[in-house]
Protein chains: 2
Amino acid sequence: MSILVVGSVAFDSIKSLSGSVEKELGGAATYFGLSASYFTDVKVVAVVGEDFGPEQEAVFKKRNIDLKGLQRSSGKTFHWGGEYGENLNEAKTNFTHLNVFESFKPELPAEYRQTPYLFLANIDPRLQAEVRRQMNGAKLVGGDTMNYWITGHRENLLQTLKVIDVLLINDTEAKMLGGESNLPRAAKRVLAMGPKALVIKHGEYGATIFFREGAFGIGRHPFRAPTLPLDEVKDPTGAGDSFAGGFMGYLASQNAINRETLKRAMFYGGVMGSFAVERFGTRRLQELTRDEIDERFQIFRELTHLE
Amino acid sequence: MSILVVGSVAFDSIKSLSGSVEKELGGAATYFGLSASYFTDVKVVAVVGEDFGPEQEAVFKKRNIDLKGLQRSSGKTFHWGGEYGENLNEAKTNFTHLNVFESFKPELPAEYRQTPYLFLANIDPRLQAEVRRQMNGAKLVGGDTMNYWITGHRENLLQTLKVIDVLLINDTEAKMLGGESNLPRAAKRVLAMGPKALVIKHGEYGATIFFREGAFGIGRHPFRAPTLPLDEVKDPTGAGDSFAGGFMGYLASQNAINRETLKRAMFYGGVMGSFAVERFGTRRLQELTRDEIDERFQIFRELTHLE
């Protein structure tokens, strides 16, 4: 089944200990869409400016991603500049030029509204809620958010959390949102806000999914998937969105939400995140094959599997 | 097969967000010994002072731990005072009274020297090496160390690492010892210093074992075991030593070192660490049953197991 993602398409200028790139294609919807495209059909709702040209468009087209929902505005595309030191979990932002993204109002083409799987990438929770309302029939809704919304727009975020099935955030965000330094307790508090499941991403240590009692008709025992210990992380930008793309994309491809598919989705999320960070920007995600993905899935499985 | 541990037996005065205790029985050899005692016979080589009485001795006796190697000196037992805030991975040390531990010279009773499994807990690497020399026939030698020895006594530590089979340390220590912020690269450098395997403990995220190429006749693919997401960690003191006790104790009980036993040992390490932190000091480790341990082993397995 197909999946719709609403979020940013952007240019990133990134420095890390492994090098640097200028105006590299990025943005949450881009990472998510490319990642999910290896599992299912993807539609993107986003906004770009006049500097988004055929070269960028070709990246989506090559992966058969539907761009009918891509708005083109006069002005420039969202452009973020940041850098990473030894701590790859934290980017230092050098600049954020929102440009056309500042007045982004997601408009869903009529034929998009019946898409069964929806991912609300990290944007203003009011926009997330607005898109969610237009997609009443969605079978599964995933969402992301960040510190900025958690601390500064909490009430709006709490409204949106009521209509999200699976929230995917990192440790710091989960602790901040739950108001708890203990992770399982923070998870319990976040699940009480609405989501049926909460995926907490631990960077190089993998990710854990926590379930609300009775959600999806399965037990509430958490499940943890690893990440691959990588000798070099060139650029961690987009790892979380790539995780979400693998997670949601795999679920959409199976069209069955049960403990076993959710567990495998956690592994595929980790797999896609591990590919994303191997090269700058979305380069690695542009050129994968499904065989490479399944091969790495097996490596992930070996990493934690007891006979 | 039996196991010998050399390290500290101490009193700990601990504060955490869950409460506080005064002069609670602790020390690396105590945590390790109690933990390993659920798997195999344990001998302890350590030093205590006159304030170590029948009450403390009974804790070891109840677990059938052999104390013939416990030296009794005039003076007081090693006493550490520390506290934990929200970050449970870092203790703030309030005081360290080494007392009789300051002049600890491990003396092995003659009948101890043929013990097949040996664990060198965190003490001066020169003492670790000295014990190792007296135990030439050991089948498997595990060891621990800490920042103090890594930065201040590096040369001595490097000598000791040559005669340790499995080193068990945490992320920060591994990065410091390897001189690398990337964990797999740091692991590679530590393994080049001598150990056949390196267990890196990630606190609440579990632990990973890295292997030197060809070590134990198995492939060099790492293996990761989880920890249990716990609603409350009362006291993280001794979690690492309890992990080591479960890891080494299980291996000693199997008397077979291959990929499958090493993987299970990683899980049992995590299981014992997760029990240790549930109550202050060694209280939880004193009263376990093997059934409880195997039940939790199954929970750990469920936490990461894909069909």
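Look up a bit, the structure's there.
Here we summarise the structure given alongside this text. (Residues numbered from 1 in each chain as written. Chains lettered and ligands numbered in written order. Predicted model: local features only at pLDDT ≥ 70, side-chain atom pairs only at ≥ 80, totals over all residues.)

Here we look at the overall build of chain A
Right, on to step 1. Scanning chain A from terminus to terminus reveals 11 helices and 13 strands.
Right, on to step 2. Radius of gyration (C-alpha) of chain A: 18 Å, near the 19 Å computed for a compact globule of 307 residues.
Right, on to step 3. Taking the principal axes of the C-alpha coordinates as reference, chain A spans close to 50 × 45 × 35 Å.
Right, on to step 4. Intrachain contacts of chain A at a sequence separation of at least 6 include 65% that bridge at least 24 residues. (Helix = DSSP H or I, 4+ residues; strand = E, 2+ residues; numbered from the N terminus. Rg over C-alpha atoms; globule rule 2.2 N^0.38 Å. Contact = placed C-beta atoms within 7 Å.)

Here's the deal with the interface of chain A and chain B
Right, on to step 1. Listed by partner, the interface residues are 30 residues for chain A and 30 residues for chain B.
Right, on to step 2. Looking at side-chain class alone, the side of chain A that touches chain B contains 11 nonpolar, 7 polar and 12 charged residues. (Nonpolar A, V, L, I, M, F, W, Y, C, P; charged D, E, K, R; others polar.)

Observations concerning the relation of the copies chain A and chain B
Right, on to step 1. By a simple turn and slide, chain A fits onto chain B: the slide is 0.0 Å along the axis, the RMSD is 0.0 Å, and the turn is 180°. Here the symmetry operator amounts to a two-fold rotation axis.
Right, on to step 2. In this assembly the copies share their binding face: 100% of the residues contributing to the interface of chain A also contribute to that of chain B. (Least-squares fit on C-alpha atoms with pLDDT ≥ 70 in both.)

Side note on the sheet that holds strand 5 (residues 70-72) of chain B
Backbone hydrogen bonds hold the strands of a sheet together, and the pairing may be parallel or antiparallel.
All names here are of chain B.
Right, on to step 1. Across the sheet, which stays open at both edges, the 9 strands sit in the order 5-4-1-8-9-10-11-12-13 with mixed pairing between neighbours. Of all the strands in the sheet, the pair left with one neighbour each is strand 5 and strand 13 (223-225). Here the average twist between neighbouring strands, direction ignored, is 20°.
Right, on to step 2. Here strand 4 (residues 42-48) runs beside strand 5; their pairing, made up of 3 bridges, is parallel. (Pairing = 2+ DSSP bridges. Axes fitted to C-alpha atoms, helices over the stretch in contact; angles between N-to-C directions.)

Digging into the nonpolar core
Right, on to step 1. With 182 residues, the main nonpolar core has Val5(A), Phe247(A), Val5(B) and Phe247(B) as its most contacted residues.
Right, on to step 2. Ignoring any residue separated from it by four or fewer positions in sequence, one finds Phe247(A) in contact with Leu168(A), Val199(A), Ala265(A), Met266(A), Tyr268(A) and Gly269(A). (Core = buried A, V, L, I, M, F, W, Y, C linked by C-beta atoms within 7 Å. Buried ≥ 20, exposed ≤ 12 C-beta atoms within 10 Å, placed from the backbone.)

Examining helix 6 (residues 171-178) of chain B
Residues and elements named next belong to chain B.
Right, on to step 1. Among the residues of helix 6, those classed as buried are Glu173, Ala174, Lys175, Leu177 and Gly178.
Right, on to step 2. Summarising the contacts, the buried residues of helix 6 are in contact with helix 4 (147-152), strand 10 (166-170), helix 7 (183-191) and strand 11 (197-201).
Right, on to step 3. In the stretch just after helix 6, Gly179 is the one whose phi turns positive, near 65°.

Quick look at the sheet that holds strand 3 (residues 19-26) of chain A
Residues and elements named next belong to chain A.
Right, on to step 1. The 4 strands lie next to each other as 3-2-6-7, forming an open sheet whose pairing is mixed. What marks the edges here is a single partner per strand, and that holds for strand 3 and strand 7 (91-97). In this sheet, neighbouring strand axes are inclined to one another by 15° on average, regardless of whether the strands run parallel or antiparallel.
Right, on to step 2. Where strand 6 (residues 79-84) and strand 7 come together, 6 bridges link them in antiparallel fashion. When the bridges of strand 7 are listed, Gly82 appears paired with Thr93.

Some points on the environment of Ser274(B)
Right, on to step 1. Counting through the fold element by element, Ser274(B) comes out in helix 9 (residues 259-276).
Right, on to step 2. Linking Ser274(B) and Pro236(B), residues 38 residues apart in sequence, is a C-alpha distance of 9.1 Å.

Quick word on the pairing of strand 6 of chain A
Right, on to step 1. In the sheet, strand 2 (residues 10-16) of chain A pairs with strand 6 of chain A via 5 bridges, with the strands oriented parallel. Residue pairing for strand 6 of chain A: Phe11(A) is matched across the bridge by His79(A).

Details of unusual backbone geometry
All names here are of chain B.
Right, on to step 1. Positive phi is not limited to glycine here, since Asn99 has a value of about 50°.
Right, on to step 2. Residue position: Asn99 is located in the loop between strand 7 (92-97) and strand 8 (117-120).
Right, on to step 3. Backbone geometry at Asn255 places phi at a positive 50°, although glycine is not the residue there.
Right, on to step 4. Mapped onto the elements, Asn255 comes out in the loop between helix 8 (239-254) and helix 9.

Considering the pairing of strand 9 (residues 140-143) of chain B
Residue and element names in this part refer to chain B.
Right, on to step 1. The alternating pattern of strand 9 places Leu140 and Gly142 on one face and Val141 and Gly143 on the opposite face, and all of these are buried.
Right, on to step 2. Regarding topology, helix 3 (residues 125-134) serves as the crossover connection from strand 8 to the parallel strand 9, and that connection is right-handed.
Right, on to step 3. Pairing of strand 9 with strand 10 involves 2 bridges; the strand directions are parallel. Looking at strand 10, one finds that Gly143 is bridged to Leu167. (Right-handed = clockwise from strand over helix to strand, strands pointing away.)

Observations regarding the packing of helix 1 (residues 28-36) of chain A against helix 8 (residues 239-254) of chain A
All names here are of chain A.
Right, on to step 1. Taken N-terminus to C-terminus, the directions of helix 1 and helix 8 make an angle of 40°; their axes are 7 Å apart at the nearest point. On the basis of the axis angle, helix 1 is oblique to helix 8. Considering only the axes of helix 1 and helix 8, their crossing is right-handed. Here Ala28, Tyr31, Phe32, Gly33, Leu34, Ser35 and Ala36 of helix 1 come into contact with helix 8, specifically with Asp241, Ser242, Ala244, Gly245, Gly246, Met248 and Gly249.
Right, on to step 2. When grouped by side-chain class, the residues that make up the contact of helix 1 with helix 8 number 7 nonpolar, 6 polar and 1 charged. (Parallel < 35°, antiparallel > 145°, perpendicular 65-115°, else oblique. Left-handed = near helix turned anticlockwise from the far one by under 90°.)

Regarding the environment of Phe280(B)
Residues and elements named next belong to chain B.
Right, on to step 1. Relative to the helices and strands, Phe280 resides in the loop between helix 9 and helix 10 (283-286).
Right, on to step 2. Looking at Phe280, the number of C-beta atoms within 10 Å reads 20, which means it is buried.
Right, on to step 3. Placed 255 residues apart in sequence, Phe280 and Leu25 show a C-alpha to C-alpha distance of 9.8 Å.
Right, on to step 4. Not counting chain neighbours up to four residues away, the residues in contact with Phe280 comprise Ile14, Gly19, Val21, Glu24, Lys234 and Asp235.

Considering the environment of Gln56(A)
Residues and elements named next belong to chain A.
Right, on to step 1. Within the secondary structure, Gln56 sits in helix 2 (residues 54-62).
Right, on to step 2. With 17 C-beta atoms counted inside 10 Å, the residue Gln56 sits in the partly exposed group.
Right, on to step 3. Separated by 101 residues in the primary sequence, Gln56 and Leu157 have C-alpha atoms spaced 32 Å apart.

A word on helix 8 of chain B
Right, on to step 1. Between its terminal C-alpha atoms helix 8 of chain B stretches 23 Å, which fits the 22 Å expected from 16 residues at 1.5 Å a residue.
Right, on to step 2. Within helix 8 of chain B, 15 of the 16 residues are buried, leaving the element largely enclosed by the surrounding structure. (Expected span 1.5 Å × (residues − 1).)

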